[in-house]
Amino acid sequence: HFYKTAFGFQSLAYAGPETGMKDKVSYVIRQNKLTFVLTTPLKANNDIADHIYKHGDGVKVLALKVDDATSAWHETTKRGGKSYLQPVTLKDDNGEVVLSGIHTYGDTVHLFVERKNYNGAFMPGFREWKSGYNPASTGLLYVDHCVGNVGWNQMNPWVKFYEEVMGFKNILSFDDNDISTEYSALMSKVMSNGNGFVKFPINEPAEGKKKSQVEEYLDFYNGEGVQHVAIATNDIVKTVTELQNRGIEFLSIPASYYETVLDRVGKIDEDLQPLQELGVLIDRDEEGYLLQIFSKPLEDRPTLFFEIIQRKGAKSFGKGNFKALFEALEREQDARGNL
Ligand code: FE2
């Protein structure tokens, strides 16, 4: 209900006791190319109950579409990936889906999904979920990138994992000189697959005067995990206006940011006023510019949040906004007594 109402997702599929899954229920929701599976336990002592007990609400599975889930599993485990799920073929009247998976940082896993021979709503084991309640889309299109927070000295081992096991490349790096404020610091490396569609930045805390925001995350998530999911839109003013009207709260940006931002980024197509009213940040690189905004945490723990991003040529991640953004984050962190 929350994701449909606030974010404009549509009902797609359901699995639970009625479909043969006795100890949990999953609701699959979709908006354009975004597909989220929201799972809750029906009993104690199952993998989902344990995950929530330890981490609170968060991202457990980052699923990747592959041509061949069997070879993806063989290849990644041969290169040192730890198996989460051996290749399994699921069948129903609509065809078959092959799933396999490996572990990544923390309790997070990558599922490899081969669905070229499937025509049903989602996958075998799920039934189509038709609903009379269909809030309008907010214009969210697809996952632009998904960021993991890892522990002290763990960024480079996980960069190596994405290079060696997954065959990704490190396309960008930020050190604590790029990403530090008066108080807290972090380091980040962006890992991407060959065609650039899949981007996984990896953050590690760095020493600062006070506690890094990554450290606060690690404390409250009880380990490494997904920090934020960045979702693309073609019209950030329209999307964020709609999200705010539906109750999603974003980090507020001081008015002083907007006094100088155009000196830094140059001319942009949008009027500055609505961007300022919403708190949208702007950054430019050699290829163009981008507009981005960050939600407050989506759950009670200060862990997972969403970024909304509109790219106008830029392929980077808003390095010029890090300082303004992190100062905004620190105000929230300080209010929680964790700075
Ligand atoms: Fe991001």
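Up top is the structure.
Criteria and thresholds
- Residues numbered from 1 in each chain as written.
- Predicted model: local features only at pLDDT ≥ 70, side-chain atom pairs only at ≥ 80, totals over all residues.
- Heavy atoms only, no water.
- Phe/Tyr/Trp six-rings, centres within 6.5 Å; stacked < 30°, edge-to-face > 60°.
- Helix = DSSP H or I, 4+ residues; strand = E, 2+ residues; numbered from the N terminus.
- Buried < 20%, exposed > 50% of the residue type's maximum accessible area, 1.4 Å probe, protein only.
- Lys NZ or Arg CZ within 6 Å of the ring centre and 35° of its normal.
- Donors = N, O, S within 2.8 Å, 3.2 Å for Na, K, Ca; no water.
- Salt bridge = Lys/Arg side-chain N within 4 Å of Asp/Glu carboxyl O.
- Polar contact = N/O pair within 3.5 Å; in protein donor to acceptor, adjacent residues only side chain to side chain.
- Contact = heavy atoms within 4.5 Å.
- Expected span 1.5 Å × (residues − 1).
- Arc of directions from axis to C-beta.
- Core = buried A, V, L, I, M, F, W, Y, C linked by side-chain atoms within 4.5 Å.

J.: Would you explain the packing of aromatic side chains in this entry?
T.: Each aromatic ring pair is specified by the distance between its two centres and by the angle formed by the two planes. Here the structure, examined in full by the defined rule, presents 21 aromatic pairs. Plain terms: the ring middles of Trp-158 and Phe-161 are 5.0 Å apart, the flat faces sit at 70° to each other, and that makes the pair edge-to-face. A residue pair is termed a helical-turn pair when its members lie 3 or 4 positions apart in one helix, as Trp-158 and Phe-161 do in helix α4 (residues 155-164) at three residues. A relative accessible area of 16% places Trp-158 in the buried class. Aromatic pair Phe-168 and Phe-200: ring centres 6.0 Å apart, planes at 10°, arrangement stacked. Separated by 32 residues along the polypeptide, Phe-168 in the loop between α4 and β10 (169-174) and Phe-200 in strand β12 (residues 199-206) bring together distant segments of the chain. Each member of the pair, Phe-168 as well as Phe-200, carries the same accessibility label: buried. By the ring-pair criterion, three or more aromatic residues cluster together here, those being Phe-2, Tyr-3, Phe-7, Phe-9, Phe-36 and Phe-306. Arg-311 extends its terminal NZ or CZ atom over the ring of Phe-317, reaching a point 5.3 Å from the ring centre.

J.: Just checking my understanding: could you explain the coordination of the iron ion for this structure?
T.: Working reference: metal with six octahedral donors, ideal angles 90 or 180 degrees; metal with four tetrahedral donors, ideal angle 109.5 degrees. Distances from the iron ion to its protein donors, His-145 (NE2), His-228 (NE2) and Glu-307 (OE), fall at 2.0 to 2.2 Å. Motif for the iron ion, donor spacing along one chain: H-x82-H-x78-E. Remark: Glu-307 occurs in strand β16 (residues 305-312) and His-145 occurs in strand β9 (residues 143-149); sequence separation between them is 162 residues. Under the relative-accessibility criterion, His-145 is labelled buried at 3%.

J.: Honestly, the pattern of salt bridges in this entry has me stumped. Any pointers?
T.: Oppositely charged side chains are able to pair whenever their charged atoms sit close together. Throughout the structure, instances matching the rule amount to 17 salt bridges. For Glu-75, the salt bridge is made with Lys-78, and the minimal N-O distance between the two is 3.4 Å. Residue Glu-75 and its partner Lys-78 are located together in helix α3 (residues 69-78), separated by three residues, close to a single helical turn. Assessed through its relative accessible area of 64%, Lys-78 is described here as exposed. Between Lys-211 and Asp-219 there is a salt bridge whose closest N-O contact spans 2.5 Å. Here Asp-219 falls in the partly exposed class, since its relative accessible area comes to 43%. One salt-bridge network, in which partners are shared between bridges, spans Glu-75, Lys-78 and Arg-79.

J.: Would you take a moment to explain the side chain of His-55 for this structure?
T.: Inspection of the secondary structure assignment puts His-55 in helix α2 (residues 47-55). For His-55, the side chain forms a polar contact with the side chain of Asp-107, separated by 2.7 Å. Contact partners of His-55, with chain neighbours within four places excluded, come to Asp-107, Phe-220, Tyr-221, Asn-222 and Arg-301.

J.: What is the right way to read helix α9 (residues 322-335) from this model?
T.: An α-helix turns once per 3.6 residues; consequently, residues spaced three or four apart project the same way. The end-to-end C-alpha distance of α9 is 20 Å, a good match for the 20 Å that 14 residues give at a rise of 1.5 Å each. Phe-322, Ala-324, Leu-325, Phe-326, Ala-328, Leu-329, Glu-330 and Gln-333 are the residues of α9 that are buried. Where the residues of α9 are buried, they touch β10, β11 (185-192), α5 (213-221), α7 (255-265), β14 (281-285) and β15 (288-294). Among the residues trailing α9, Gly-337 stands out with phi positive, at a value near 80°.

J.: Sorry if this is basic, but what is going on with α3 here?
T.: All of the buried residues in α3 are Ala-69, Ala-72, Trp-73 and Thr-76. When α3 is viewed along its axis, its buried side chains cluster within an angular range of 95° and face the same direction. For α3, the secondary structure elements touched by its buried residues are β5 (83-92), β6 (95-103) and β7 (109-114). Looking at where α3 begins, the residue whose side-chain oxygen comes 3.0 Å from the main-chain nitrogen of Thr-70 is Asp-68. Following α3 by one or two positions, Gly-80 adopts a phi angle in the positive range, close to 110°.

J.: How should I be thinking about unusual backbone geometry in this particular structure?
T.: A negative phi angle characterises most non-glycine residues, just as the trans form characterises most peptide bonds. The phi dihedral of Asn-32 falls on the positive side, at around 50°, and the residue is not glycine. Of note, Asn-32 is situated in the loop between β2 (24-31) and β3 (34-41). Residue classification places Asn-32 among the partly exposed positions, given a relative accessible area of 48%. Unusually for a residue other than glycine, Asn-45 sits at a positive phi of about 60°. Mapping Asn-45 onto the fold places it in the loop between β3 and α2.

J.: Quick question: what am I supposed to make of the nonpolar core here?
T.: A general tendency of soluble globular proteins is for nonpolar side chains to be buried together. By size, the foremost hydrophobic cluster in this structure holds 76 residues, and its most contacted members are Phe-7, Tyr-162 and Ile-282. Looking at this core, the element that brings in the most residues is α9, giving six residues. Dropping the residues within four chain positions of it, Phe-7 is found in contact with Phe-2, Gln-31, Thr-138, Leu-140, Leu-243, Arg-246, Ile-248, Leu-298 and Phe-306. One finds Ala-15, Val-28, Leu-99 and Tyr-118 within the second-largest nonpolar core, a separate group that totals eleven residues.

Just distances and angles here, no functional claims.
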